[in-house]
Amino acid sequence: MIIPQGWDNNYDEEISNDEYEVINKFLASYRNQSIIVADEYRQDFSMVPLEEEKVIFKTYDDTWKSMEFCRKIYHKRKPYVIKLELWRVDHMEDAPKCLRIHKFRIITNGKVHFINLNTKDTSKNILLFNIISIFDEKKVISPEQAYCKRMYTNKALQEFMTNHEWGKIDEGIKQMPTLANALFKIREGYESTSNFTADFGTILYQLISYRQNNLDNFSKKDLLELDKLIINLRKTELLKVQLHEKTGVSEFWPTCSILLESNYYDTRMHISKQYNVDNTELADKEIVLNKCIRAFKKQ
């Protein structure tokens, strides 16, 4: 999500009544859910690299965890964007594992208000400090965990889009309707020797994205056929999921023993993120979709 240029980061500023109502709506959208999918989910692991990091043995207990949640909330016909970041309080091996609020902000009117959790209003204070109970770590899962069974690396969808074979995409969905909400690979690869990223998107997401990026390359008839397919898929999910992994090493010296010239600490950072309409990440795609729908209704 793009943060506006205007910043209102006065932590001493009290939460307004409107902001309080917006926060209440934000929390209500998650309250009583048995499973909550974070918009971004990060875990860091210790690891043992062998064969120049071609083979990695990792522990299953993370040494660091963070989660982010974002929603656009309308209050009195005015849009507010709420963003909540939770971090693991202490990730030492012998310490209890629990979460704390790292950042809580409300974005509106081109400004960002960092919420001060030490509000003097008792009722507002109770609401804010109930946040951790709503976002119970045991209930929160990563986008990777939520969507992994729907991810496919098959390249047929990309080939059909490149060749503008919209009929074949439609035929494939009719043959197997569950694929309408499947996540097909968009790209994957190493951005550097230690950074790997893979993107997956639903058919609706990829069709709209392809339309945006290649608008000048369509004939009128071709564009109409594409828009017809988008309209047919308008009720499916508009979703993109990104997986990112980064490995790193820290070196400490001198050590307390002649057996170690230096002490290496190897880590693996794993992040999964979802892009959807609810968390504002696909606002541009939603605009294109609505444009296609309006044009379809006029026909």
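Scroll up a little and you will see the structure.
Residues numbered from 1 in each chain as written. Predicted model: local features only at pLDDT ≥ 70, side-chain atom pairs only at ≥ 80, totals over all residues. Heavy atoms only, no water.

Now for the pattern of salt bridges. In total, this model carries 19 salt bridges according to the counting rule given. Of the charged contacts in the structure, one is a salt bridge between Glu-68 and Lys-83, with a shortest N-O distance of 3.6 Å. In this pair, Glu-68 is assigned in strand 4 (residues 64–75) and Lys-83 in strand 5 (residues 78–88), connecting sequence segments 15 residues apart. The exposure class of Glu-68 is buried, given its relative accessible area of 19%. With a relative accessible area of 12%, Lys-83 lands in the buried category. (Salt bridge = Lys/Arg side-chain N within 4 Å of Asp/Glu carboxyl O. Helix = DSSP H or I, 4+ residues; strand = E, 2+ residues; numbered from the N terminus. Buried < 20%, exposed > 50% of the residue type's maximum accessible area, 1.4 Å probe, protein only.)

A word on the packing of aromatic side chains. With the rule as written, the count across this model stands at twelve aromatic pairs. On the numbers, 6.3 Å between centres and 45 degrees between planes, the contact of Trp-166 with Phe-218 is tilted. Of the two residues, Trp-166 is situated in helix 6 (residues 166–175) and Phe-218 in the loop between helix 7 (203–213) and helix 8 (220–232); the sequence distance between them amounts to 52 residues. For the pair Trp-166 and Phe-218, a shared accessibility class is recorded, and that class is buried. Here the aromatic rings of Tyr-190 and Phe-196 are separated by 5.1 Å at their centres, their planes lie at 65 degrees, and the arrangement is edge-to-face. For Tyr-190, a relative accessible area of 61% puts it in the exposed group. Of the aromatic side chains, those joined through ring pairs into one cluster are Phe-26, Tyr-30, Phe-69, Phe-104 and Phe-135. (Phe/Tyr/Trp six-rings, centres within 6.5 Å; stacked < 30°, edge-to-face > 60°.)

Considering the arrangement of structural elements, one finds Glu-85 in strand 5. Setting aside residues no more than four positions away along its own chain, Glu-85 makes contact with Met-67, Glu-68, Arg-100, Ile-101, His-102, Lys-103 and Arg-105. (Contact = heavy atoms within 4.5 Å.)

What follows covers the nonpolar core. Trp-166, Ile-169, Ile-203, Leu-207, Ile-230 and Leu-233 are the most contacted members of the largest nonpolar core, which totals 28 residues. Secondary-structure elements contributing two or more residues to this core are helix 5 (156–162), helix 6, helix 7, helix 8 and helix 9 (283–298). Top contributing element to this core by residue count: helix 7, with six residues. Grouped together as the second largest cluster of nonpolar side chains are 27 residues, Val-22, Leu-86, Ile-106 and Ile-115 included. (Core = buried A, V, L, I, M, F, W, Y, C linked by side-chain atoms within 4.5 Å.)

Here we take up the side chain of Asn-279. Assignment of secondary structure puts Asn-279 in the loop between strand 13 (263–275) and helix 9. In this structure the side chain of Asn-279 is engaged in a polar contact, spanning 2.9 Å, whose partner is the side chain of Asp-39. Residue contacts for Asn-279: discarding those within four places in its chain leaves Asp-39, Cys-70, Arg-71 and Gln-274. (Polar contact = N/O pair within 3.5 Å; in protein donor to acceptor, adjacent residues only side chain to side chain.)

Here we come to the environment of Tyr-264. By secondary structure assignment, the location of Tyr-264 is in strand 13. Sequence separation between Tyr-264 and Trp-253 is eleven residues; the distance between their C-alpha atoms is 9.0 Å. For Tyr-264, the contacting residues outside a window of four places in its chain are Val-249, Ser-250 and Glu-251.

We now examine the environment of Phe-218. On the accessibility criterion, Phe-218 (12% relative accessible area) is buried. Note: C-alpha distance between Phe-218 and His-164 (54 residues apart in sequence) is 9.1 Å. Residues contacting Phe-218, with those up to four places away along its chain left out, are His-164, Trp-166, Tyr-210, Arg-211, Leu-223 and Leu-226.

Here we come to a nonpolar patch on the surface. A contiguous nonpolar surface patch, about 290 Å² in accessible area, is contributed by Val-48, Leu-50 and Phe-57. As for its placement among the helices and strands, Leu-50 is situated in strand 2 (residues 40–50). The exposure class assigned to Leu-50 is partly exposed, which follows from its relative accessible area of 41%. (Patch = residues over 30% accessible without salt bridge, like charges linked within 9 Å, V, L, I, M, F, W, Y side chains within 5 Å. Areas by Shrake-Rupley, 256 points an atom, 1.4 Å probe, with all protein chains shown as cover.)

When two helices pack together, their arrangement is given by the angle between the helix axes and the distance between those axes. Viewed as axis vectors pointing N to C, helix 6 and helix 7 meet at an angle of 170 degrees, and their least axial separation amounts to 13 Å. With respect to helix 7, the element helix 6 is oriented roughly antiparallel. Packed against helix 6, whose contacting residues are Trp-166, Ile-169 and Ile-173, the element helix 7 presents Ile-203, Leu-207 and Tyr-210 at the interface. Tallied by class, residues from the contact of helix 6 with helix 7 come to six nonpolar, no polar and no charged. (Axes fitted to C-alpha atoms, helices over the stretch in contact; angles between N-to-C directions. Parallel < 35°, antiparallel > 145°, perpendicular 65-115°, else oblique. Nonpolar A, V, L, I, M, F, W, Y, C, P; charged D, E, K, R; others polar.)

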